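Topology and contacts: notes
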Amino acid sequence: MNTPLPSRAARFGTPLVLLHWLTVLLIIAVYALMEFSDIFPKGSAERTAMKSWHFTVGMTIFAVTWLRLLARLASPTPAIEPPLPRWQSVLSHAVEGLLYLLMIGLPLSGWLTVSYNGGHVWFWGVDLPSLASAVNKDTSHSIKEVHEAVANLGYALIGLHAVAALYHHYMRHDNTLLRMSLKG
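No experiment lies behind these values; they were computed from the predicted model shown.

Moving on to unusual backbone geometry. Cis peptide bonds are those with omega within 30 degrees of zero, and the linkage from E81 to P82 qualifies with -10 degrees. Its place among the elements puts P82 in the loop between α2 (45-74) and α3 (86-116). Positive phi, normally seen in glycine, also occurs at W124, with a value near 50 degrees. As for its position among the elements, W124 is in the loop between β1 (121-123) and β2 (126-128).

Under the definition given, this model contains three aromatic pairs. With a centroid separation of 4.5 Å and 50 degrees between ring planes, the pair formed by Y31 and Y155 is classed as tilted. Of the two residues, Y31 is situated in helix α1 (residues 14-37) and Y155 in helix α4 (residues 137-172); the sequence distance between them amounts to 124 residues. Ring centres 6.2 Å apart and planes at 80 degrees place the aromatic pair F62 and W66 in the edge-to-face group. Of this pair, F62 and W66 both sit in helix α2, separated by four residues, roughly a single helical turn. With a relative accessible area of 42%, W66 lands in the partly exposed category.

Relative to each other, α1 and α2 sit at 160 degrees, their axes nearing to 9 Å. In this view, α1 runs roughly antiparallel relative to α2, as classed from their interaxial angle. When the axes of α1 and α2 are compared, the crossing they make is left-handed. Tallied by class, residues from the contact of α1 with α2 come to 18 nonpolar, six polar and four charged.

Moving on: the pattern of salt bridges. Counted according to the given criterion, the structure contains four salt bridges. Of the charged contacts, one joins D38 and R47 as a salt bridge, the two residues approaching to 3.1 Å between their closest N and O atoms. Assessed through its relative accessible area of 11%, R47 is described here as buried. As a salt-bridge pair, K144 and E148 come within 3.9 Å of each other at their nearest N and O atoms. Of this pair, K144 and E148 both sit in helix α4, four residues apart, which is roughly one turn of the helix. A residue is classified by how much of its surface remains accessible, and K144, at 39% relative accessible area, is partly exposed.

Looking now at the environment of E148. Using a relative accessible area of 40% as the deciding quantity, one classes E148 as partly exposed. When the C-alpha positions of E148 and F36 are compared, they lie 15 Å apart, and in sequence the two are 112 residues distant.

Taken together, the side chains of L166, Y167, Y170 and M171 make up a nonpolar region of the molecular surface, amounting to roughly 460 Å² of accessible area. Within the secondary structure, Y167 is located in helix α4. Residue classification places Y167 among the partly exposed residues on the basis of a relative accessible area of 35%.

What counts, and at which threshold
Residues numbered from 1 in each chain as written. Predicted model: local features only at pLDDT ≥ 70, side-chain atom pairs only at ≥ 80, totals over all residues. Heavy atoms only, no water. Helix = DSSP H or I, 4+ residues; strand = E, 2+ residues; numbered from the N terminus. Phe/Tyr/Trp six-rings, centres within 6.5 Å; stacked < 30°, edge-to-face > 60°. Buried < 20%, exposed > 50% of the residue type's maximum accessible area, 1.4 Å probe, protein only. Axes fitted to C-alpha atoms, helices over the stretch in contact; angles between N-to-C directions. Parallel < 35°, antiparallel > 145°, perpendicular 65-115°, else oblique. Left-handed = near helix turned anticlockwise from the far one by under 90°. Nonpolar A, V, L, I, M, F, W, Y, C, P; charged D, E, K, R; others polar. Salt bridge = Lys/Arg side-chain N within 4 Å of Asp/Glu carboxyl O. Patch = residues over 30% accessible without salt bridge, like charges linked within 9 Å, V, L, I, M, F, W, Y side chains within 5 Å. Areas by Shrake-Rupley, 256 points an atom, 1.4 Å probe, with all protein chains shown as cover.

What follows is the structure in structure tokens.
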């Protein structure tokens, strides 16, 4: 069954949609940079560059997320048609909230990890200030462990979000996915 494209009023505004899809690309990049950095030996220039880009892309996600939140507050939320059962609506809002926490918390914990380790986080040529008052390798290691554990949980959360969007589109035949389309 082909669902017709939603009208402008039935979907999120273009700025929010663009920021959503930009975030998707950035998240793919930030995960790929860390997952594939292991193909290079520790201490190599290539591995160091991938980690540096991981920090930059992570902080870009952090900045874009705040723009998304502002755009979300400034634009109306189109209704899902047909309406969701209450449990799906509650679950949807919970997953959305956790995704926003992920997109804010992971960059912050990465920045803290690097700060407590005495390193620098570069954000498009700007050396961000340290978030730590002093170097503390133990604290850095602890925060890094949490950062990595939450990032691994992020795979499941992102997967759940994507599967839910496809479920709504292909099984429920509602407009959930179409609300984030650029066409309309």
